[in-house]
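Residues per chain, in single letters:
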Amino acid sequence: MFRRITSISSQVIILAFGFGFLGTVLYHDFLFAPDQVGNLWRDYPQELTMVVTMIATVLSTITTILFTISIHKTLKHWMSRPNSPVRLSAGVAFSKGFVSRPKYLQLTTLMLGIYGVLRLLTAGWTTLLTPTCFLWPIQMQGTELDITGTPFANLLSGELQKQSLVDRTTQVQDNALEVLDIGGMLSGVSAAGYSFGLTGIFDFNGAKYNSSTHGIVPTIESYSGSHEVPGANRTRLGFCGGNVTTNTAPILGKHTSVSIPQGYSRNYSMLQQGLTANVSCRAIDSSRTQFLWDTNNSNVIDTGAAFRLWKITANCGANMPMTQQYVTNVDASGDASVSSIGFLPSVVCPGPMNMNETYTSFTILSQGFYKYSFLDASVCEVIPLLTTVRANYTNDLISSEVISSTPFRPENVQLLSFIAGVAKFQSINSQTLMINTIGDTLYSVYSSRTKSCIVDHLGSQARVYKELEEYWRGVVEFSATFLRSGFMAVGSFPDNTIPDDLVSKVNGTMYISTIGWTWRSATYLFAIIPIPIITIITIITIITIIITILQVRKEDSSFSIAFDPSNTGHLIMAFAAGNLIFEDFYKKGIIANESVEVKLKVSDKDGGVKKFVKAG
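Remember, predicted model here, so these are calculated numbers, not experimental data. (Residues numbered from 1 in each chain as written. Predicted model: local features only at pLDDT ≥ 70, side-chain atom pairs only at ≥ 80, totals over all residues. Heavy atoms only, no water.)

**Considerations on the overall build of the protein**
Quick note on the threshold: Where helices and strands are cited, they refer to DSSP runs of H or I of at least four residues and of E of at least two residues respectively, numbered from the N terminus. Summary of the burial criterion: residues with accessible area below 20% of their type's maximum are buried, those above 50% are exposed, and those between are partly exposed, where the area comes from a 1.4 Å probe applied to protein chains only. Every accessible area reported is derived by Shrake-Rupley at a probe size of 1.4 Å, with residue values counting cover from the shown protein chains alone.
A tally of helices and strands in the protein yields 15 helices and 19 strands. Relative to its 616 residues, the protein shows a buried fraction of 48%. As displayed, the protein offers around 29300 Å² of accessible surface, 58% of which is attributable to carbon and sulfur atoms.

Following this line, the structure appears as structure tokens:
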């Protein structure tokens, strides 16, 4: 009896271990290994896989041995009940392995099922115990600066009024002007190149963006870039680099006691505010007076070196002219070299061309001369959009995709004015005495993509306009990132806490790449089914043995179980001792013999001889 209780206890312990482990995985959804173990597994995957397989094999072997013992014990006591020779032979065969008896489909199916489950035990334990690499998702939430509402409009208006510069649309301080100049230009170049299949990674303040910023600022500390504290007056519109505050943290959920592992790497997917623009460029129709574009007003100045002073005028609607001046190199006769000199003037109209329209867009008029003559007189309508983007933070790179967008509202006039001012500042500073960065961008991107010279395709402006549209989109998006960075820089607000009326919610998911155990699919559960099946069958058979022993001893106190049913010799001896008479080995005789029921009995008269007798 003690051995039977030990067998049951052993199986219960193994079953408890398996189900306890599985239950922990299912309860937590994820069960990760300590970082030290994870690093070992990453460095020595084959060796540790072998160790886990060996453990699974040992557990499978123990379970199989206990199951086989329980079957043997069950047969011993099962034979004390009436059974046909067919069932007896099936039980004996089952205790040794699998034997097919197609004539008896029920017995064969049962044997086949249990035999298959036994063979899958090792696979089940291996599946249960082997850790795998997976991404553990953890919800994140936080806040960032909200530039879309009236509170920020009032704040921006106040900052603009503090400045002493005359031009309100470019009222930023000293070094910040250089940031806007170079940053805006690089963002435009990156956006234009990326849209035509060129690699475009834009770096601003130490953060790396894929092609363009999309108007966002990093909300993850490890991706925020510079950690230097900005100096006095180097925040807000005076921002020229420095630590940008982040306020995001993981939501621990229901399992607060589970510590978050460092893992191999961490990626993030965040929903946050962005800003972009729909830009549409086209040629100016000379027959329409809506776009009055005058580039004829220029004169040559000779100061030892010859220069041409340009006064470019554009009609910005309702007969409101806008004038922009430029200076370029020319020779003594006032002409410029077509191969070395490039002039691409742009005039930014800070509002819509039709005064009846809402102030939600602005217009840029441009034309190329000399080596930029591939760009005809053109007009680009820029419609900024407030967006919600999904920002993906992966491998030190920030990539964004627009989820939704809305046009500017009346309360965004100050924001629109600033963006138009950045575009104006960029259009002025892109032109030097000899070249224009916008023109060079159009030229180089086109040539890199088409592997041909842009001047050989002067008849087709569509691709050039597409490049110009992407360039200005990049500039607009950078202007929003500059604003967010300046107002979220350390020192911009007391205690680095943004007021409640200036924040918007940020949420998303952090994905930790680690190693451990996770609920992967229904296949995972299917693979470990053999473990509980065999364990439960073993426990049931042993319980059946105990009940049978008690019943048999109650009926026949002299009954002994010193009999091995899997031993063919024991079976022959027991049948011979019973002097049973069976039919001969012909078809009808075999059928008749299989219907006879016999049981194992201990003889009181012959010194306790065990023999099979007919039941009944």
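**Details of the state of the cysteines**
Worth spelling out the cut-off: Here, the term disulfide refers to a pair of cysteine sulfur atoms separated by no more than 2.5 Å.
Evaluation of the coordinates by the stated rule reveals one disulfide. Put simply, C281 and C380 are joined by a disulfide, and their sulfur atoms are 2.0 Å apart. Between C281 and C380, the disulfide has an S-S torsion of 110° and is therefore right-handed. With C281 in strand β6 (residues 265–283) and C380 in strand β15 (residues 378–394), the pair connects residues that are 99 residues apart, well separated along the chain.

**Quick look at the nonpolar core**
Stated precisely, the cut-off is as follows: We call a set of buried Ala, Val, Leu, Ile, Met, Phe, Trp, Tyr and Cys residues a nonpolar core when their side-chain atoms join them within 4.5 Å. When checking whether two residues touch, look at their non-hydrogen atoms; a contact exists if any pair is within 4.5 Å.
Counting residues in hydrophobic clusters, the biggest one holds 80 residues, and the most contacted among them are F152, L275, F362, Y393, W472 and F482. For this core, the element with the highest residue contribution is helix α11 (residues 462–488), accounting for 13 residues. Each residue touching W472, except ones within four places of it in the same chain, is listed here: V279, S346, I364, C380, A423, Q426, S427 and I438. Formed by 20 residues, the second largest nonpolar core is a distinct cluster that contains F21, A33, L66 and W125.

**Let's talk about the pattern of salt bridges**
Formally: Basic side-chain nitrogens of Lys or Arg form a salt bridge, by our definition, when they fall within 4 Å of a carboxyl oxygen of Asp or Glu.
A complete count under the given rule lists eight salt bridges for this structure. A salt bridge links R390 to E401, with the nearest nitrogen and oxygen atoms 3.7 Å apart. Of the two residues, R390 sits in strand β15 while E401 sits in strand β16 (residues 397–407), which places them eleven residues apart along the sequence. For R390, a relative accessible area of 30% corresponds to the partly exposed category.

**A look at unusual backbone geometry**
The phi angle at D396 is positive, at roughly 65°, despite the residue not being glycine. One can find D396 in the loop between β15 and β16. According to the relative accessible area criterion, D396 is exposed, its value standing at 57%. Phi angles above zero are rare outside glycine, and N496 is one such case at about 55°. Position of N496 relative to the elements: it lies in the loop between α11 and β17 (503–518).

**Quick look at the packing of helix α7 (residues 150–162) against helix α9 (residues 413–429)**
Heads up, the condition is: Structural elements are reduced to axes, namely lines fitted to C-alpha atoms, with helices fitted over the stretch in contact, and the angle between N-to-C directions of any two is expressed from 0 to 180 degrees. To sort the angles, those under 35 degrees are grouped as roughly parallel, those over 145 as roughly antiparallel, those from 65 to 115 as roughly perpendicular, and the leftovers as oblique. Note on residue categories: nonpolar means Ala, Val, Leu, Ile, Met, Phe, Trp, Tyr, Cys or Pro, charged means Asp, Glu, Lys or Arg, and polar means any other residue, Gly included.
It is at 8 Å that the axes of α7 and α9 come closest, and there the two elements cross at 50°. The orientation of α7 relative to α9 falls into the category oblique. Listed contacts from α9 to A153, L156, S157 and L160 of α7 are Q414, L415 and F418. Partitioning the contact of α7 with α9 into residue classes produces five nonpolar, two polar and no charged.

**Some points on empty space enclosed by the protein**
The following threshold applies: Buried and open spaces are told apart on a 1 Å grid over the protein atoms alone, a cavity being a set of points where a 1.4 Å probe fits but cannot get out and a pocket being an open set with protein on both sides within 12 Å along at least five of seven lines. Residues with an atom within 4 Å of a point are the lining residues. Grid points are joined across faces, edges and corners, and a volume is the space filled by probe spheres set on the points.
Counted by the stated rule, this structure contains three cavities of 30 Å³ or more. The space that makes up the largest cavity amounts to roughly 40 Å³. Around the largest cavity, the lining residues are M322, T323, Q324, S346, V347, V348, K424 and S427. When residues of the lining of the largest cavity are traced back to their parent elements, those giving at least two are β10 (321–329), β12 (346–349) and α9. In the lining of the largest cavity, the residues fall into three nonpolar, four polar and one charged.

**A short note on the packing of aromatic side chains**
Note the threshold: Stacked, edge-to-face and tilted are the three classes for Phe, Tyr and Trp ring pairs, Trp counted by its six-membered ring, which pair at centre distances within 6.5 Å; planes under 30 degrees apart are stacked, over 60 edge-to-face, the rest tilted. Criterion for a charge above a ring: Arg CZ or Lys NZ at most 6 Å from the ring centre, at most 35 degrees from the ring normal.
Applying the stated rule across the entire model yields 18 aromatic pairs. Note on Y326 and F343: the rings are 5.5 Å apart at their centroids and 70° apart in plane angle, and the pair reads as edge-to-face. Taken together, the residues span a long stretch of sequence, with Y326 in strand β10 and F343 in strand β11 (residues 342–343) at a distance of 17 residues. One exposure class covers both Y326 and F343, and it is buried. Put simply, the rings of F202, F204, Y209, F239, F418, F478 and F482 touch in pairs and so form one group of aromatic residues. In this arrangement the basic side chain of R236 is found over the ring face of F493, its NZ or CZ atom lying 4.8 Å from the centre. Its guanidinium or amino end placed over the ring of W310, R308 lies 5.8 Å from that ring's centre, counting from NZ or CZ.

**Remarks on the pairing of β12**
Using the following cut-off: Following DSSP output, two strands are said to pair if at least two bridges run between them.
Burial of the side chains of β12 extends over both faces: S346 and V348 are buried on one face and V347 and C349 on the other. Where β12 lies against strand β13 (residues 362–366), four bridges are found, and the strand directions are antiparallel. Each bridged residue has a counterpart across the sheet, and for C349 the counterpart in β13 is T363.

**Some points on the packing of α9 against α11**
So the rule is basically this: Crossings are assigned a handedness: left-handed for a near helix turned anticlockwise from the far helix by less than a right angle, right-handed for a clockwise turn.
Where α9 contacts α11, the two axes come as close as 10 Å, and the packing angle between them is 125°. Relative to α11, the element α9 lies oblique. Of the two elements, α9 crosses α11, and the hand of that crossing is right-handed. Contacts between α9 and α11 involve L415, F418, I419, V422, A423, Q426 and S427 from the first element and Y471, W472, V475, V476, S479, F482 and L483 from the second.

**So, the side chain of D181**
Our working definition: As used throughout, the charge tally considers Lys and Arg to be positive and Asp and Glu to be negative, leaving His and the chain termini uncounted.
Note on placement: D181 falls in helix α8 (residues 174–194). Despite its burial, D181 remains without a salt bridge, the nearest opposite charge being carried by K424 at 15 Å. Once residues within four sequence positions are removed from consideration, D181 is found in contact with F425, Q426 and N429.

**A look at the environment of F17**
Tracing the sequence through the fold places F17 in helix α1 (residues 2–28). F17 gets classed as partly exposed once you look at its relative accessible area, which sits at 41%.

**Looking at helix α6 (residues 121–129)**
In an α-helix, one turn spans 3.6 residues, which is why side chains three or four residues apart end up on the same side. This is how the line gets drawn: Here, the arc refers to the directions that run from the helix axis to the C-beta atoms.
Those residues of α6 not exposed but buried are L121, G124, W125, L128 and L129. In a view along the axis of α6, the buried residues occupy a sector of 115°, so they form one face of it.

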